[in-house]
Amino acid sequence: MNLDISVVIPLLNEAESLPELSAWIDRVLTQHQLSYEIVYVDDGSTDNSWEVIQQLSAQNSAIKAIKFRKNYGKSAGLSVGFAAATGNVVFTMDADLQDSPDELPEMYRMVIEDDYDLVSGWKQKRFDSFIKNNTSKIYNFVTRKMSGINLNGFNCGLKAYKNTVVKNIEVYGEMHRYLPVIANNAGFSKIGQKVVKHQARKHGESKFGSARFIRGPLDLLSIMFVGRFGKRPMHLFGLWGGILFVLGFFSAIMIGVSKLYYLNILNQSAPLVTESPYFYIALTCMMMGTQLFLAGFLAELVARNNPRRNSYGIETDIGLEEDNHFKEKYT
Ligand code: UDP
Ligand code: MG
């Protein structure tokens, strides 16, 4: 029988929270008669989180777990958890009890009945630090504008996905902040949100320092770039390289023409080429244009060498036999 729900929970040093979290999830889902598994991913904890998980899973066979040898980050944890998850709806949650398991049944219903690809929690009233709350608002605004996805908050740890979504997206680096954007880029565009309860951290402290404020926007740029031009980088670099080069080229012609004008028409000695502003425009534009072209060609070579260059999100097909192996190559 298919499992209804997988709850993927990446964690780093959260031993105190795990027993309460496991019991709470079990209570809520059992009450709603939903079959489930919890997939803990221990991201290199140095406290006794793993011992606690071992004890918990000895008492409850629905608790499964993966342990990293060292700390790789939340995205890595999610990525491995996604690969292992077997439930029809796959949840992600933080381990620190900031997200409430009470939200699971309604989000499950939204995925199954309302047919959402992804339902994101929205911490409308949130309990994080002042600085974090306010930078988050700016980031969410920018992400909304850049991606065109209408979510109030992108980085809530509590989200629900259709199983096919998590099997068809890739998350690495610190890109867990933009999973809705990644899913949308992969063609999973029915994205909803649900207001969720949020609590202050009960035990321990936040595992992300202020580096997140710089890494976040960089990751967003990468995702937008890869989403749009990952399979055709020359279209970006070639366009801007071309524009700059042409600008530089005509500036160079301007210099030549004005030199001839002084010498032949006005019959006087011409000012030095280096005194003309066009000289500097020509120099800069032609150099930058060439560089962009070069970057474009290199990016094309890299993209060409990617074994997944021909992988597309194939939703379904008609009439093709099971033993037709085209999908292995193209998905
Ligand atoms: N986490 C992780 N690996 C890391 C950092 C964090 O697995 O390198 C987990 C952490 O244990 C928690 C979740 O990711 O379950 C969210 O982290 P945290 O609560 O510290 O982030 P915040 O709520 O401050 O954004
Ligand atoms: Mg937290």
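We now examine the overall build of the protein. Tallying secondary structure elements over the protein gives 11 helices and seven strands in all. On C-alpha atoms alone, the protein measures out to a radius of gyration of 27 Å, which is more than a quarter above the 20 Å that the 2.2 N^0.38 rule sets for 331 residues. Looking at the protein as a whole, 41% of its 331 residues qualify as buried. Counted over contacts in the protein with a minimum sequence separation of 6, partners at least 24 positions apart contribute 78%.

Right, let's get into the pairing of strand S3 (residues 63-67). Alignment of strand S2 (residues 36-42) against S3, held across five bridges, turns out to be parallel. By the bridge assignment for S3, tyrosine 40 is matched with alanine 65. Between the parallel pair S2 and S3, the chain is carried across by helix H2 (residues 49-59), and the sense of this crossover is right-handed.

It is worth spelling out the sheet that holds S2 at this point. Hydrogen bonds along the backbone pair up the strands of a sheet, which may run parallel or antiparallel. Spatial ordering of the open sheet is given by S3-S2-S1-S4-S6-S5-S7, a layout of seven strands whose pairing is mixed. Edge positions in the sheet fall to S3 and strand S7 (191-195), since each has one partner strand and no second. Averaged over neighbouring strand pairs, the angle between their axes works out to 20 degrees when direction is ignored. Note: strand S1 (residues 5-11) against S2, seven bridges, orientation parallel.

The subject of this paragraph is the site of ligand 1. Within the structure, ligand 1 sits among 18 residues, and Glu14, Asp43, Asp96, Ser206 and Lys207 are positioned closest to it. A distance of 2.8 Å is found between an oxygen atom of ligand 1 and a backbone nitrogen or oxygen belonging to leucine 12. Here an oxygen atom of ligand 1 sits 2.9 Å away from a polar atom, N or O, in the side chain of arginine 201. Starting from 530 Å² of accessible surface for ligand 1 in isolation, the protein chains cover 94%. For the shell around ligand 1, a count of residues per class yields five nonpolar, four polar and nine charged.

Looking now at the pattern of salt bridges. Applying the stated criterion to the full structure yields 19 salt bridges. Put simply, glutamate 20 and lysine 202 hold a salt bridge, and the shortest N to O gap is 2.9 Å. Here lysine 202 lies in the loop between S7 and helix H8 (212-229) and glutamate 20 lies in helix H1 (residues 18-31), a separation of 182 residues in the sequence. Residue aspartate 102 pairs with lysine 197 through a salt bridge whose shortest N-O separation is 3.6 Å. You can see aspartate 102 sitting in the loop between strand S4 (89-92) and helix H4 (104-112) and its partner lysine 197 sitting in the loop between S7 and H8, a full 95 residues away along the chain. A cluster of three or more residues bridged by salt bridges with shared partners is formed by Glu14, Asp96, Arg201 and Lys207.

It is worth spelling out H1 at this point. Taking 1.5 Å per residue as the helical rise, H1 with its 14 residues ought to reach 20 Å, and the 20 Å between its terminal C-alpha atoms agrees with that figure. Where H1 is buried, its residues contact S1, S2, H2, S3 and H4. Glutamine 33 sits one or two positions beyond H1 and adopts a positive phi of about 55 degrees.

Once that is clear, we can look at the side chain of histidine 198. Along the chain, histidine 198 turns up in the loop between S7 and H8. Looking at histidine 198, its side chain comes within polar contact range of the side chain of glutamine 98, at 3.5 Å. A polar atom in the side chain of histidine 198 sits 3.0 Å from the backbone nitrogen of phenylalanine 127. Setting aside residues no more than four positions away along its own chain, histidine 198 makes contact with Gln98, Asp99, Lys123, Lys125, Arg126, Phe127 and Asp128.

Bringing the environment of valine 171 into the picture now. The topology assignment puts valine 171 in the loop between helix H6 (163-167) and helix H7 (179-185). Residues valine 171 and glycine 77, 94 residues apart in the sequence, show an inter-C-alpha distance of 9.6 Å. Discounting chain neighbours no more than four positions away, the residues touching valine 171 are Ser75, Ser79, Phe82, His176 and Leu179.

What follows concerns a nonpolar patch on the surface. Residues Ile138, Phe141, Val142, Met146, Ile214, Leu218 and Leu221 make up a contiguous nonpolar surface patch of about 650 Å² in total accessible area. For the nonpolar patch, the elements supplying multiple residues, two or more each, are helix H5 (130-147) and H8. It is H5 that provides the largest number of residues to the nonpolar patch, a total of four residues.

With that out of the way, let us pick up the packing of H1 against H2. Geometry of a packed helix pair, given as the angle between the helix axes and the separation of the axes. In contact at an axis separation of 10 Å, H1 and H2 are set at 35 degrees when each is read in the N-to-C sense. Judged by the sense of rotation from one axis to the other, the crossing of H1 with H2 is right-handed. Where H1 approaches H2, its residues Leu18, Pro19 and Ser22 are matched on the opposing element by Ser49, Val52, Ile53 and Leu56. Per-class residue counts for the contact of H1 with H2 are five nonpolar, two polar and no charged.

Let's shift gears to the nonpolar core. Of all hydrophobic cores here, the largest spans 35 residues; its most connected members are Ile9, Ile25, Tyr40 and Phe91. Among the elements of the structure, S1, H1, S2, H2, S4 and H4 are those that each provide at least two residues to this core. Examining the composition of this core, we find that six residues originate from one element, H1, more than from any other. What tyrosine 40 contacts, discounting residues up to four positions off in sequence, is Ile9, Leu11, Leu18, Leu21, Ser22, Ile53, Ile63, Lys64, Ala65 and Ile66. Residues Val41, Tyr161, Val166 and Ile169 belong to the second largest nonpolar core, which totals 28 residues.

Here is what the cut-offs are and how they apply
- Residues numbered from 1 in each chain as written.
- Chains lettered and ligands numbered in written order.
- Predicted model: local features only at pLDDT ≥ 70, side-chain atom pairs only at ≥ 80, totals over all residues.
- Heavy atoms only, no water.
- Helix = DSSP H or I, 4+ residues; strand = E, 2+ residues; numbered from the N terminus.
- Rg over C-alpha atoms; globule rule 2.2 N^0.38 Å.
- Buried < 20%, exposed > 50% of the residue type's maximum accessible area, 1.4 Å probe, protein only.
- Contact = heavy atoms within 4.5 Å.
- Pairing = 2+ DSSP bridges.
- Right-handed = clockwise from strand over helix to strand, strands pointing away.
- Axes fitted to C-alpha atoms, helices over the stretch in contact; angles between N-to-C directions.
- Near = heavy atom within 4 Å.
- Polar contact = N/O pair within 3.5 Å; in protein donor to acceptor, adjacent residues only side chain to side chain.
- Areas by Shrake-Rupley, 256 points an atom, 1.4 Å probe, with all protein chains shown as cover.
- Nonpolar A, V, L, I, M, F, W, Y, C, P; charged D, E, K, R; others polar.
- Salt bridge = Lys/Arg side-chain N within 4 Å of Asp/Glu carboxyl O.
- Expected span 1.5 Å × (residues − 1).
- Patch = residues over 30% accessible without salt bridge, like charges linked within 9 Å, V, L, I, M, F, W, Y side chains within 5 Å.
- Left-handed = near helix turned anticlockwise from the far one by under 90°.
- Core = buried A, V, L, I, M, F, W, Y, C linked by side-chain atoms within 4.5 Å.

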